[in-house]
Amino acid sequence: MISFLLWILAVILVVSGIVNLFRKNFLWGIVLIIIGLLVGPGGVSIFT
């Protein structure tokens, strides 16, 4: 259950990062994408 919630959180972070990139907020978009990749259970998770 926790991994599913982390996956959902990671998807939300990455999508919001991409939206910020399209809105010309490059720094905030890149930060959100990196945090999303770190939180995601499929990638390098900081919680394991």
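We now turn to the structure provided with this report. Please read these numbers as outputs of a predicted model, since none were measured by experiment.

**What to know about unusual backbone geometry**
- Unlike most non-glycine residues, Lys24 shows phi in positive territory, near 70°.
- Structurally, Lys24 is set in the loop between α1 (2-22) and α2 (26-39).
- For Lys24, a relative accessible area of 62% puts it in the exposed group.

**Observations regarding α2**
- Relative to the 20 Å expected for 14 residues at 1.5 Å per residue, α2 spans 20 Å between its end C-alpha atoms, a close match to the ideal helical length.
- Residues Gly29, Leu32, Gly36 and Val39 constitute the buried set of α2. The buried residues of α2 occupy an angular sector of 100° when projected down its axis, which confines them to one face. Facing away from the buried side of α2 by over 90 degrees, the exposed positions are Leu27 and Leu37.
- Of the surrounding elements, those touching the buried residues of α2 are α1.

Scoring rules and cut-offs
Residues numbered from 1 in each chain as written. Predicted model: local features only at pLDDT ≥ 70, side-chain atom pairs only at ≥ 80, totals over all residues. Heavy atoms only, no water. Helix = DSSP H or I, 4+ residues; strand = E, 2+ residues; numbered from the N terminus. Buried < 20%, exposed > 50% of the residue type's maximum accessible area, 1.4 Å probe, protein only. Expected span 1.5 Å × (residues − 1). Arc of directions from axis to C-beta. Contact = heavy atoms within 4.5 Å.

Scope: geometric values only; no functional claims are made or implied.
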